[in-house]
Each structure stands twice: as structure tokens, then as C-alpha cells.
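In case you want the letters, here they are:
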Amino acid sequence: MIPIQELLARIRWDKAFGDASFVLGYYDRVEERIIRVNLRDVQVDPESHALLDIIDEEGGLHTVPLHRVKEVYRNGELIWHRSH
């Protein structure tokens, strides 16, 4: 399995691969479940490349460490998964 940072870089820079619909699933410790968000609603935190800024449905900002990213879907198909 490639590191999540490498996968996110490939999505960003590989035009043929990145021209798709991506969904990222991260573990929410408060809700104790995987939350799935469209990758277009996710940005790398400018203060730290180990954090993601995610906008929820209500417009709230959540900062999520990369180690809590558990899955990535491309066009509805699971392409990356971390079990721990």
C-alpha cells in the first residue's frame, strides 16, 4: 500500500488518474465512525502538510490528521484502505 501522501499527490498531479470523482473516508473520534467526504471539499492545511482541512455539510471546518484517513474511493470503487 502506498502512503496516503503519495496517493493524494498522484490525484493532484496525474491528470489522467485525477480526472475522476474521489471520496475520502476518515475516522471521526467523536462519532466513532468513518465519515466520507468529496475530495473537492478537502484541502491540505497550509500550516502543516500532515493535516487536512475539511468543510462539512454545514460549512464547518474540521482539521483531520492524515493518519485518520482510512479509505479513498475513485468513481465509487475503493482504491486505498488502511485498517488500523
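A brief structural summary.

The rules behind these values
- Residues numbered from 1 in each chain as written.
- Predicted model: local features only at pLDDT ≥ 70, side-chain atom pairs only at ≥ 80, totals over all residues.
- Heavy atoms only, no water.
- Pairing = 2+ DSSP bridges.
- Helix = DSSP H or I, 4+ residues; strand = E, 2+ residues; numbered from the N terminus.
- Axes fitted to C-alpha atoms, helices over the stretch in contact; angles between N-to-C directions.
- Contact = heavy atoms within 4.5 Å.
- Phe/Tyr/Trp six-rings, centres within 6.5 Å; stacked < 30°, edge-to-face > 60°.
- Buried < 20%, exposed > 50% of the residue type's maximum accessible area, 1.4 Å probe, protein only.

1. With respect to the sheet that holds strand β7 (residues 77-81)
The 4 strands are arranged β2-β1-β6-β7 in an open sheet whose pairing can be described as antiparallel. The open sheet has two free edges, formed respectively by β2 (33-38) and β7, since each of these has just one partner strand. Direction aside, neighbouring strands of the sheet carry axes that sit 25° apart on average. Relative to strand β6 (residues 69-74), helix α1 (residues 4-13) is tilted by about 30°, and along the sheet it contacts β1 (22-28), β6 and β7.

2. Section: the packing of aromatic side chains
Counted according to the given criterion, the structure contains 1 aromatic pair. Here F17 and F22 contribute two aromatic rings whose centre-to-centre distance is 5.7 Å and whose plane-to-plane angle is 50°, an arrangement assigned as tilted. There is no split in this pair, since F17 and F22 are both buried.

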